[in-house]
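# Fold and geometry: a report
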Amino acid sequence: MSLFLLFESASGYALFERTASEEIGQELESVQTAMQDLSKAGKVLKLKSFAPFQSAAHALENINDITEGIVNDYLKNFLTANLAKSKKVKLGVQEARLGGAISDATGISCDVSDVTTELLRGIRMHFEKLIKQFREGDLEKAQLGLGHAYSRAKLKFNINRSDNMIIQAISLLDQLDKDLNTFSMRVREWYSWHFPELTKLVADNSMFAKLVSLIKDKATLTQDSHAAIEEIVMDEAKAQSIIDAAKSSMGTDISQIDMINIEAFANRVISLSAYRRGLYDYLQSKMNVVAPNLCALIGEMVGARLISHAGSLTNLSKYPASTVQILGAEKALFRALKTRGNTPKYGLIFHSSFIGRAGSKNKGRISRYLANKTSLAARIDCFSDAATTKFGEALRNQVEDRLKFYETGQAPAKNIDVMQGVIHQLAKDAPASSSSSSEEETPKSEKKDKKEKKEKKEKKDKKEEKSEKKDKKRRAEDDADESDKKKSKKSKKNKD
């Protein structure tokens, strides 16, 4: 059985034939040693055909198909032209998925064994020297150009629907929460040496940092600062209690340089908390653009964490509902599988308000149902052309109805009825621009219809005229035939 090897390079497809199989044998070690030397590899491998790519775009199209395991028409024609469909012919390829696709498309049996892999490795090592048409550096230039084009194509995305920005924003938001908590504890501990009573009076970290920046030295705090303190704490009684506590505080005195450092650090915490609020607003707006239905269903934060954990909105949309349900609880899942314990009922979706509102017996059931609706919302957001929150709102109402069903037993509406209702509503709420554009197009279409009608009438008239002429000719011919028959009958009678 003859073995042919398909090698996909940046310049085109190359088909090699293994000729000296007896010399190197079938063992993997002998193949590896033979492929190290160019002279031995040249005896073992013989170039049968080479099909260069027509352009850079053509090369990119073929390489994208290969990575996805699809047989391009150019590759199919190349193989069918050089290989016959026979049981004695076998094609060696690098990937099993591509080999299966080639077998289905062309009927040629493919081989992906270790020996084939080593032979292809040898071709890759000596490819530039095995093909005589190549000059030095041609293959490197083709590889560089195709590599840049392939990377550029993979990185292309719609800037308005970029889920990568959501991943970065939610990661930064989580990191800021940790850092702000640490920094706020440090401000509290540092300033408590001077004013320890303030820690018990004010629990909010951002509010505490603002008060530190305002009060500074407690000895300078007077009744004149009551309005400013009240503006921060938003409570008149608490503001007065802070002033009273400062007068009888047990804290130590702090030098001017120490207070400057405490104030600078408190201002930094205030600026970080303000930046955190701005980042949260940015994440909300981004989620409403990229995944509006997911956002309407489970909220911005939970939706962003699901997208971040999955890697992208596309990956999340490809996950089944069972995977979405335990997304974020992988450690607990594998620990339960290892110890044969109970598997987790929920992962990141536990932070949704629906799980907390459900009873202890129904938490697992509502988490499965919520994961199902989350998977649907992610798929709608990922693959729909027009962004809308109608589907997400309908799915959220379905989850609410399911909670009521667990409590009262009231049967919820079917999913197909709900989705059809949303589709009908979207069709009714079509934008007015489409109607205006259709109105503008109506006179054009009317003119076209009139022209078509005139042409049809003219064609009908011509056909009728032709048919009338044919009928007249037939009638004339029939009359002539009848007259000839009458004349022949009269002549016969006269002879008799």
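Residues numbered from 1 in each chain as written. Predicted model: local features only at pLDDT ≥ 70, side-chain atom pairs only at ≥ 80, totals over all residues. Heavy atoms only, no water.

This part is about the overall build of the protein chain. Along its length, the protein chain carries 24 helices and five strands. For the protein chain, the residues scored as buried account for 36% of the 496 residues in total. Restricting to contacts in the protein chain with at least 6 residues of sequence separation, those with at least 24 account for 65%. Carbon and sulfur atoms provide 51% of the accessible area of the protein chain, an area that totals close to 30600 Å². (Helix = DSSP H or I, 4+ residues; strand = E, 2+ residues; numbered from the N terminus. Buried < 20%, exposed > 50% of the residue type's maximum accessible area, 1.4 Å probe, protein only. Contact = heavy atoms within 4.5 Å. Areas by Shrake-Rupley, 256 points an atom, 1.4 Å probe, with all protein chains shown as cover.)

A separate point is the nonpolar core. In this structure, Leu-283, Met-287, Leu-306, Ile-307, Leu-316 and Leu-370 are the most contacted members of the largest nonpolar core, which totals 45 residues. Both domains that meet at this core, namely domain 2 (165-283) and domain 3 (291-427), each give it at least three residues. By size, the runner-up hydrophobic cluster in this structure holds 26 residues, among which are Leu-180, Ile-229, Ile-243 and Ile-270. (Core = buried A, V, L, I, M, F, W, Y, C linked by side-chain atoms within 4.5 Å. Domains from an automatic or database assignment.)

Atom-level detail of predicted coordinates should not be read off regions where pLDDT is low. Taken residue by residue, the protein chain gives an average pLDDT of 84. The fraction at 70 or more is 85%. Scored below 50 in pLDDT, residues 437-441 makes zero contacts in the model with residues more than four places away or belonging to other chains. (pLDDT = per-residue confidence, 0-100.)

This part takes up the environment of Leu-180. Within the element layout of this structure, Leu-180 appears in helix H9 (residues 163-191). Taking the C-alpha atoms as reference points, Leu-180 and Leu-272, separated by 92 residues in sequence, lie 7.3 Å from one another. Excluding anything up to four places from it in sequence, Leu-180 contacts Val-269, Leu-272, Ser-273 and Arg-276.

Looking now at unusual backbone geometry. Residue Met-234 is not a glycine yet carries a positive backbone phi of 60°. Along the chain, the position of Met-234 falls in the loop between helix H12 (226-233) and helix H13 (236-247). Judged by relative accessible area, Met-234 falls into the exposed class, the value being 72%. Of note, the phi angle at Arg-340 is positive, near 60°, even though the residue is not glycine. Here Arg-340 shows up in the loop between helix H19 (330-339) and helix H20 (353-357). The class for Arg-340 is exposed, based on a relative accessible area of 78%.

Next up on the list: the sheet that holds strand S5 (residues 109-111). Pairing within the open sheet is mixed, and its five strands lie in the order S3-S2-S1-S4-S5. Of all strands in the sheet, those with a lone pairing partner are strand S3 (45-52) and S5, marking the two edges. Adjacent strand axes in the sheet meet at a mean angle of 30° when their direction is disregarded. Two strands pair when backbone bridges link them, and strand S1 (residues 2-8) and strand S4 (residues 89-92) are joined in this way by four bridges, in the parallel orientation. (Pairing = 2+ DSSP bridges. Axes fitted to C-alpha atoms, helices over the stretch in contact; angles between N-to-C directions.)

Bringing H9 into the picture now. Side chains of residues three or four places apart in an α-helix project in the same direction, reflecting 3.6 residues per turn. Between its first and last C-alpha, H9 extends 41 Å over 29 residues, near the 42 Å set by a 1.5 Å rise per residue. All of the buried residues in H9 are Asp-163, Ile-166, Ile-167, Ala-169, Ile-170, Leu-173, Leu-176, Leu-180, Ser-184, Val-187, Arg-188 and Tyr-191. Packing partners of the buried residues in H9 comprise helix H10 (197-201), helix H11 (205-215), helix H14 (256-290), helix H16 (300-310) and helix H17 (313-318). (Expected span 1.5 Å × (residues − 1).)

Moving on: the packing of H11 against H14. The N-to-C vectors of H11 and H14 enclose an angle of 140°; their axes lie 9 Å apart at closest approach. As judged from the angle between their axes, H11 and H14 are oblique. As H11 packs across H14, the resulting crossing turns out to be left-handed. Contact residues: H11 offers Ser-206, Ala-209, Lys-210, Val-212 and Ser-213, while H14 offers Ile-262, Glu-263, Ala-266, Asn-267, Val-269, Ile-270, Ser-273 and Arg-277. Within the contact of H11 with H14, the residues separate by chemical class into six nonpolar, four polar and three charged. (Parallel < 35°, antiparallel > 145°, perpendicular 65-115°, else oblique. Left-handed = near helix turned anticlockwise from the far one by under 90°. Nonpolar A, V, L, I, M, F, W, Y, C, P; charged D, E, K, R; others polar.)

Further remarks concern the packing of H9 against H14. At their nearest, the axes of H9 and H14 sit 9 Å apart, and the two run at 155° to each other. One element, H9, and the other, H14, form an angle in the roughly antiparallel class. You can see that H9 and H14 cross each other, and the crossing is left-handed. Looking at side-chain class alone, the contact of H9 with H14 contains 25 nonpolar, three polar and five charged residues.

Taken together, Glu-458, Asp-461, Glu-464, Glu-465, Glu-468 and Asp-471 make up a surface patch of like negative charges. Position of Asp-471 relative to the elements: it lies in helix H24 (residues 432-495). Classification of Asp-471 as partly exposed rests on a relative accessible area of 33%. (Patch = residues over 30% accessible without salt bridge, like charges linked within 9 Å, V, L, I, M, F, W, Y side chains within 5 Å. Salt bridge = Lys/Arg side-chain N within 4 Å of Asp/Glu carboxyl O. Lys, Arg positive; Asp, Glu negative; His and termini not counted. Charge placed at Lys NZ, Arg CZ, Asp CG, Glu CD.)

Turning our attention to the side chain of Asp-381. Within the element layout of this structure, Asp-381 appears in helix H21 (residues 363-383). A distance of 2.7 Å separates the side chain of Asp-381 from the side chain of Asn-293, its partner in a polar contact. A distance of 2.9 Å separates a polar atom in the side chain of Asp-381 from the backbone nitrogen of Leu-294. (Polar contact = N/O pair within 3.5 Å; in protein donor to acceptor, adjacent residues only side chain to side chain.)

Glancing now at the pairing of S1. Of all the seven residues making up S1, five are buried; the element is thus mostly covered by neighbouring parts of the structure. When S1 meets strand S2 (residues 12-18), the two strands line up antiparallel, connected through five bridges. Looking at the pairing, Phe-7 lines up with Ala-14 of S2. The antiparallel pairing of S1 with S2 creates a hairpin that spans three residues between the two strands.

Let us now look at the pairing of S2. Taking burial as the measure, the seven residues of S2 include six buried ones, the bulk of the element. Sheet topology places S2 next to S3; seven bridges connect them, and they run antiparallel. Bridge assignment links Gly-12 to a residue of S3, and that residue is Pro-52.

Our next topic: the packing of aromatic side chains. A full pass over the atoms with the stated rule returns 13 aromatic pairs. Relative to Phe-208, the ring of Tyr-191 lies with its centre 6.3 Å away and its plane at 80°, an arrangement referred to as edge-to-face. Note that Tyr-191 is positioned in helix H9 and Phe-208 in helix H11, a separation of 17 residues in sequence. Relative accessible area serves as the criterion here: at 0%, Tyr-191 is assigned to the buried category. Owing to a relative accessible area of 1%, Phe-208 belongs among the buried residues under this scheme. In this structure an aromatic cluster arises from ring pairing among Phe-7, Phe-16, Phe-50 and Phe-127. A cation over a ring is seen here: Arg-188 above Phe-208, with NZ or CZ 4.6 Å from the ring centre. (Phe/Tyr/Trp six-rings, centres within 6.5 Å; stacked < 30°, edge-to-face > 60°. Lys NZ or Arg CZ within 6 Å of the ring centre and 35° of its normal.)

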